[in-house]
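Structural overview
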Amino acid sequence: MENIVSEKIDRRKFLAGAGASSLVLVSLGGCGAGQKREPGKPHYGMVFDQNKCVGCRDCRIACNKTNNLPEGVSRLLLELENSQIEGRGYAADRRYIRVSCQQCQDAPCVTVCPTGAAHRDPKTGIVTMDADKCVGCKYCIVACPYNARFINEETKVADNCDFCLHTRLSKGEQPACVEACKYDALVFGDLNDPNSYINKLLAVKDSVRIRAELGTEPSLRYIPIVKQGV
Ligand code: SF4
Ligand code: SF4
Ligand code: SF4
């Protein structure tokens with residue numbers, strides 16, 4: 001099965017699947033709509049600001065290195081959204097889209113996993129993997145509506161972006177992609193903390209979620225480029 005992390009990605013299929021191609025077309029919503037807020041527990045989320053991303057791919061390189069991923073796969077997809085624009089020359093409406101695991105609050109991958117390998121970390125609430133429990137059945141991959149999971153062919157274990165839970169977050173560090181982005185296109189933080197920068201940002205910027213209508217309550221937010229006159 002194809003996933004978002006293949007270097008040979010079928011871009012049109014993925015973008016159609018993720019709903020990312022309609023990022024600028026969906027209506028803008030405020031932050032936090034529909035999220036389960038559990039007092040006292042964190043709810044980590046990430047914002048991708050399309051207005052700031054220059055497509056440098058530093059986030060992807062940092063992620064692959066930090067999470068020790070083999071050649072040919074990655075936990076995040078970064079593509080030109082308006083793919084008719086080729087090359088690096090000036091283009092007024094060049095837009096990049098970054099998609100990874102949406103950290104659903106109601107995560108189908110966790111629901112279907114028969115062994116508990118795909119699970120929600122009890123402390124942080126982040127959807128992550130227990131590699132020792134994974135039997136490679138791919139149920140989670142099939143269940144993910146964002147096509148955001150894949151099998152790491154070296155470890156034979158299913159994988160997804162878990163905000164660098166084990167490699168950085170547990171040490172009090174920001175996710176590798178956020179740390180690597182020189183253009184401030186990525187913001188990570190606790191959506192349950194009213195004083196967090198991510199909450200303050202979302203309070204003043206309109207944002208969207210990809211395929212929110214599915215009801216999985218994704219924790220990633222996108223600040224889309226709004227075309228003038230639209
Ligand atoms: S590092 Fe930042 S600017 Fe570069 S591609 Fe990633 S999100 Fe975009
Ligand atoms: S995006 Fe896919 S892999 Fe990530 S939590 Fe949702 S269902 Fe699971
Ligand atoms: S949060 Fe970590 S695992 Fe997720 S895309 Fe960023 S660098 Fe990769």
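Residues numbered from 1 in each chain as written. Chains lettered and ligands numbered in written order. Predicted model: local features only at pLDDT ≥ 70, side-chain atom pairs only at ≥ 80, totals over all residues. Heavy atoms only, no water.

Another point: the site of ligand 2. Residues in contact with ligand 2, as listed here, are Cys-101, Gln-102, Gln-103, Cys-104, Ala-107, Pro-108, Cys-109, Cys-144, Pro-145, Tyr-146 and Arg-149. Within the shell around ligand 2, the residues separate by chemical class into 8 nonpolar, 2 polar and 1 charged. (Near = heavy atom within 4 Å. Nonpolar A, V, L, I, M, F, W, Y, C, P; charged D, E, K, R; others polar.)

When you line up the elements, Pro-218 lands in the loop between helix H6 (197-204) and strand S9 (220-223). Note on Pro-218: relative accessible area 0%, which makes it buried. (Helix = DSSP H or I, 4+ residues; strand = E, 2+ residues; numbered from the N terminus. Buried < 20%, exposed > 50% of the residue type's maximum accessible area, 1.4 Å probe, protein only.)

Right, let's talk about the packing of aromatic side chains for a bit. As enumerated under the stated definition, the model contains 3 aromatic pairs in all. Summarising the aromatic geometry, the rings of Phe-48 and Tyr-222 are spaced 6.0 Å apart at their centres and angled 65° between planes, so their arrangement reads as edge-to-face. Of the two residues, Phe-48 is situated in strand S1 (residues 44-49) and Tyr-222 in strand S9; the sequence distance between them amounts to 174 residues. With a centroid separation of 5.0 Å and 70° between ring planes, the pair formed by Phe-163 and Phe-188 is classed as edge-to-face. With Phe-163 in the loop between strand S7 (157-159) and helix H5 (176-180) and Phe-188 in strand S8 (residues 186-190), the pair connects residues that are 25 residues apart, well separated along the chain. Judged by its relative accessible area of 1%, Phe-163 falls in the buried class. Through successive ring pairs, a cluster of aromatic residues spans Tyr-44, Phe-163 and Phe-188. (Phe/Tyr/Trp six-rings, centres within 6.5 Å; stacked < 30°, edge-to-face > 60°.)

Taking burial as the measure, the 5 residues of strand S2 (residues 76-80) include 5 buried ones, the bulk of the element. Residues Leu-76, Leu-78 and Leu-80 point to one face of S2 and Leu-77 and Glu-79 to the other, with burial holding for every one of them. Pairing between S2 and strand S3 (residues 96-100): 5 bridges, direction antiparallel. The partner of Leu-77 across the bridge, within S3, is Val-99. (Pairing = 2+ DSSP bridges.)

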